[in-house]
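A structural walkthrough
Chain by chain, the residues:
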Amino acid sequence: MTEELTDLTISEALLGLESGDFSARELVEAHISAMERAKALNLFITETAEMALASSDMCDSRRRKSKAGVLDGIPIVVKDLFATENIVTTAGSKMLERYVPPYESTVTKKLWSSGAVMLGKANLDEFAMGSSNETSFFGPVENPWRSNEGDYQFVPGGSSGGSAGAVSARVAMGATGTDTGGSIRQPASFCGVVGLKPTYGRCSRWGIIAFASSLDQAGPITRTVRDAAIMLGVMAGYDSKDSTSVNLPVPDYTGALTGDIRGLRIGIPAEYGLEGLSNEINALWKKGIEWLKEAGAITVPVELPHTHYALPAYYIVAPAEASSNLARYDGVRYGLRVEGDSVQDMYEKTRTEGFGAEVRRRIMIGTYVLSAGYYDAYYLKAQKVRTLIKQDFTNVFSSVDALITPTAPTAAFRFGERSNDPISMYQNDVFTVPASLAGLPGISVPVGLTSGGLPLGLQIIGKPFDEESVLKIADAIEALAEFSSRPQTWWLDKSDNGSPTV
Amino acid sequence: MALDIATVRRVAALCRIRVSDTDLSTMEAELNEILHWVEQLTELDTDDVLPMTRVVDVDLPMRDDVVSDGDCADKILVNAPASAQGFFSVPKVIE
């Protein structure tokens with residue numbers, strides 16, 4: 001029974017709870033047991049099993065009184081970038097190792113109001129800066145998937161690696177992630193799950209530890225598109241505490257999942273057919289296009305001529321904003337303090353010891369591109385290029401409803417494979433960053449495996465605030481792809497052995 | 001626009017991060033590699049392009065200029081590494 005409960009999707013579990021097949025307590029217990037047996041994956045920075053059990057009893061009591069919320073009794077994990085009241089929130093950094101927020105983020109508050117139950121805080125790249133989870137101060141998450149080509153360990157992608165890993169390993173039914181340049185979609189692709197980045201402004205950023213404020217956006221990671229639609233419906237909405245959240249009604253996202261995409265026009269951007277893109281990914285992309293045609297959609301070749309410049313523009317804009325956002329960590333108001341001879345000395349020691357190498361590198365780049373004499377050449381230039389990238393999308397969206405692309409140029413890679421080469425690591429975001437720069441919604445849907453047995457996803461990018469079309473098309477692809485593979489449970493009851501062997 | 005060691009030192013000072021002498025040249029090389037890579041943006045003519053200031057086309061909301069929160073000094077100080085009498089405390093800044 002326990003194993004069956006962890007296999008359910010959110011929508012299945014909600015039906016089971018409502019018809020009394022099992023209680024919220026049983027559902028949460030099954031997931032706590034899965035969490036306890038998955039220590040080897042290093043998915044969590046903080047586990048909150050006791051709180052989850054206490055909440056589950058309240059869920060059962062609400063359901064008995066017919067007062068259950070939309071996600072009542074559903075066990076989820078929260079990326080440790082969302083402030084959770086009285087529960088340590090680290091951002092994967094030594095800087096915030098002991099930080100206990102006195103307030104709750106808007107998105108998590110909405111989830112708890114709908115009855116969702118938190119199993120714990122998921123591991124992530126430090127301050128969400130990374131594409132492999134290797135920059136976490138708490139050690140990397142290991143991808144639940146292993147290839148059939150040897151006993152290698154793979155990264156789960158990043159930065160929401162713990163979130164994607166937990167959903168993939170059947171430890172949680174869903175997770176919150178955040179996406180700045182691909183941090184929901186790329187780990188979803190690497191772990192064989194669904195990851196949705198909504199339009200910038202769709203979800204409140206209040207209480208999410210800031211990385212790059214003009215790009216950061218929260219979204220769900222789940223095992224099905226329907227579950228993503230259910231979670232987004234709870235997470236989305238205007239919040240007066242975030243002036244960039246947008247005051248638009250939140251539609252019934254599950255209502256969009258009609259399965260009918262006949263007549264929709266879906267663009268295939270020529271520029272995403274990168275030279276050197278693996279045959280497997282190309283073939284899967286083609287297959288995705290065939291599926292869309294099969295379902296009655298009209299596929300149209302389109303051009304997004306500035307795509308090539310998205311990554312370099314992103315790696316100016318994001319570090320610039322990060323350097324500004326992370327200036328607040330100075331050892332004074334919260335977080336780590338390393339004592340020094342003077343205030344200046346204290347600042348420097350605190351920041352040098354509190355931040356890891358990748359975060360320091362990005363702060364340095366960001367400080368440089370914003371500094372006097374270089375601002376126009378780098379930052380202003382990048383913001384102009386961002387305008388061009390957004391115009392590319394606006395142009396194609398006058399003739400198509402959405403776009404289909406691969407999510408990432410590779411499947412999951414091995415630990416250490418890219419960590420010594422920042423640019424090679426950055427390249428992994430090549431297909432996700434353009435939509436981020438343009439603020440557009442994008443989803444990754446798992447559709448197949450490499451010959452080595454690792455999952456791959458396809459990405460659907462939509463018009464601003466048209467998450468409904470994105471979900472509708474992703475749902476249709478999901479139905480035709482019939483992706484039912486799952487990772488072997490090699491991790492069960494293995495002890496957490498800290499950092500993985502390469 | 002290549003960075004030299006002196007610039008790396010200056011940038012590090014600006015962002016209050018200490019780079020040891022032994023790490024300076026590694027940092028110089030890493031930053032130069034990244035900066036060289038982003039310089040491909042110069043291939044684009046952007047003279048007549050406006051820089052992006054907001055990614056979605058909505059007007060920022062306005063609200064009345066009134067206090068909406070406060071009286072929570074204890075909460076604000078709860079995570080302070082050092083505080084005294086309702087204030088954050090830092091090493092002496094004036095001799």
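Residues numbered from 1 in each chain as written. Chains lettered and ligands numbered in written order. Predicted model: local features only at pLDDT ≥ 70, side-chain atom pairs only at ≥ 80, totals over all residues. Heavy atoms only, no water.

Regarding the overall build of chain B
As a reminder of what qualifies: Secondary structure elements are defined from DSSP: runs of H or I of at least 4 residues count as helices, runs of E of at least 2 residues count as strands, and each element is numbered from the N terminus. Put simply, the radius of gyration uses C-alpha atoms, and a globule should come to 2.2 Å times the residue count raised to 0.38.
A count of helices and strands for chain B gives 3 helices and 2 strands. Across chain B, helices and strands are ordered from the amino to the carboxyl terminus as α-α-α-β-β. Over its C-alpha atoms chain B spans a radius of gyration of 22 Å, topping by over 25% the 12 Å that the globule rule assigns to 95 residues. Taken along its principal axes, the extent of the C-alpha atoms in chain B is 55 × 45 × 25 Å.

Thoughts on empty space enclosed by the protein
Residues and elements named next belong to chain A. Basically, it comes down to this: The method works on a 1 Å grid over the protein atoms by themselves. A cavity is a set of points holding a 1.4 Å probe that cannot get out, a pocket is an open set with protein on both sides within 12 Å along at least five of seven lines, and residues with an atom within 4 Å of a point line them. Grid points are joined across faces, edges and corners, and a volume is the space filled by probe spheres set on the points. Polar here means any residue other than Ala, Val, Leu, Ile, Met, Phe, Trp, Tyr, Cys and Pro, which are nonpolar, and Asp, Glu, Lys and Arg, which are charged; Gly is therefore polar.
Applying the stated criterion across every chain yields a total of 4 cavities of 30 Å³ or more. In this structure, the largest cavity occupies an estimated 60 Å³ of space. Around the largest cavity, the lining is made up of 13 residues, and of these Gly130, Ser131, Ser183, Tyr314 and Asp429 lie nearest the centre. Within the lining of the largest cavity, the residues separate by chemical class into 4 nonpolar, 7 polar and 2 charged.

Let's talk about helix H8 (residues 225-235) of chain A
Residue and element names in this part refer to chain A. Quick reminder of the rule: Relative accessibility under 20% of the residue-type maximum defines a buried residue, over 50% an exposed one, and the middle range a partly exposed one, all with a 1.4 Å probe and only protein chains included.
Most of H8 sits inside the fold, with 9 of its 11 residues counted as buried. Within H8 the residues assigned to the buried category are Val225, Asp227, Ala228, Ala229, Ile230, Met231, Leu232, Val234 and Met235. Positive phi shows up at Gly237, right after H8, with a value of about 130°.

Quick word on the packing of aromatic side chains
Residues and elements named next belong to chain A. Definition in use: For Phe, Tyr and Trp, where Trp contributes only its six-membered ring, two rings pair if their centres lie within 6.5 Å, and the inter-plane angle classes them as stacked under 30 degrees, edge-to-face over 60, or tilted in between.
Inspection of the entire model under this criterion finds 19 aromatic pairs over all chains. A centroid spacing of 5.4 Å and a plane angle of 20° characterise the contact between Tyr272 and Phe431, whose relative ring orientation is stacked. Separated by 159 residues along the polypeptide, Tyr272 in the loop between strand S7 (265-269) and helix H9 (279-294) and Phe431 in the loop between helix H14 (422-426) and helix H15 (433-437) bring together distant segments of the chain. Neither residue differs from the other here; Tyr272 and Phe431 are each classed as buried. With a centroid separation of 5.7 Å and an interplanar angle of 55°, the aromatic rings of Tyr368 and Tyr378 are classed as tilted.

What to know about the confidence of the model for chain B
Applicable threshold: Confidence scores per residue from the predictor, reported as pLDDT, run from 0 to 100.
Confidence in the prediction of chain B, expressed as mean pLDDT, is 92, and 99% of residues score 70 or more. Prediction confidence for the complex, expressed as pTM and ipTM, is 0.97 and 0.95 respectively.

Details of the pairing of strand S8 (residues 298-302) of chain A
Residues and elements named next belong to chain A. Which entries qualify depends on this criterion: Here, strands pair whenever DSSP counts at least two bridges between them. For the handedness criterion, the strands are oriented away from the viewer, and a crossover whose path from the first strand over the helix to the second runs clockwise is classed as right-handed.
Pairing of S7 with S8, which is carried by 5 bridges, proceeds in the parallel orientation. The residue of S8 that forms the bridge with Gly267 is Val300. For the handedness criterion, the β-α-β arrangement of S7, H9 and S8 is classed as right-handed.

As for the nonpolar core
How we decide: Here the nonpolar core consists of buried residues drawn from Ala, Val, Leu, Ile, Met, Phe, Trp, Tyr and Cys, with membership extended through side-chain atoms lying within 4.5 Å.
Formed by 185 residues in total, the largest nonpolar core has its most connected members in Ile74, Phe127, Phe393 and Ile404 of chain A. Here the element with the most residues in this core is helix H10 (residues 310-325) of chain A; it accounts for 10 residues. Residues Tyr200 and Phe465 of chain A together with Met52 and Val56 of chain B belong to the second largest nonpolar core, which totals 6 residues.

Focus on the layout of surface pockets
Residue and element names in this part refer to chain A. Of the pockets and cavities examined, the largest pocket occupies roughly 700 Å³. In this structure, the largest pocket is lined by 27 residues; those nearest its centre are Tyr99, Tyr103, Trp206, Arg328 and Tyr334. Of the residues contributing to the lining of the largest pocket, the split by class is 14 nonpolar, 5 polar and 8 charged.

Things to note about the sheet that holds strand S4 (residues 174-179) of chain A
All names here are of chain A. For the record, the criterion: Think of each axis as a best-fit line through the C-alpha atoms, taken over the contacting stretch in the case of a helix, with angles from 0 to 180 degrees between the N-to-C directions. We call two residues contacting when some pair of their heavy atoms lies within 4.5 Å.
Across the sheet, 11 strands lie side by side as S1-S3-S2-S4-S6-S5-S10-S11-S9-S7-S8; this open sheet has mixed pairing. Either end of the sheet is taken by a strand with one partner, and the two such strands are strand S1 (44-47) and S8. Direction aside, the axes of adjacent strands within the sheet are offset by 30° on average. Along the sheet face, helix H5 (residues 106-113) touches strand S2 (75-79), strand S3 (117-122), S4 and strand S6 (217-222) and points at about 175° away from the line of S2.

Thoughts on the pattern of salt bridges
As a reminder of what qualifies: Here, a salt bridge means any Lys or Arg side-chain nitrogen found within 4 Å of an Asp or Glu carboxyl oxygen.
Inspection of the entire model under this criterion finds 26 salt bridges over all chains. The partner of Lys39 of chain A in a salt bridge is Glu47 of chain A, with the nearest N and O atoms 2.9 Å apart. Salt bridges sharing common partners tie together Asp345, Glu348 and Lys349 of chain A together with Arg18 of chain B.

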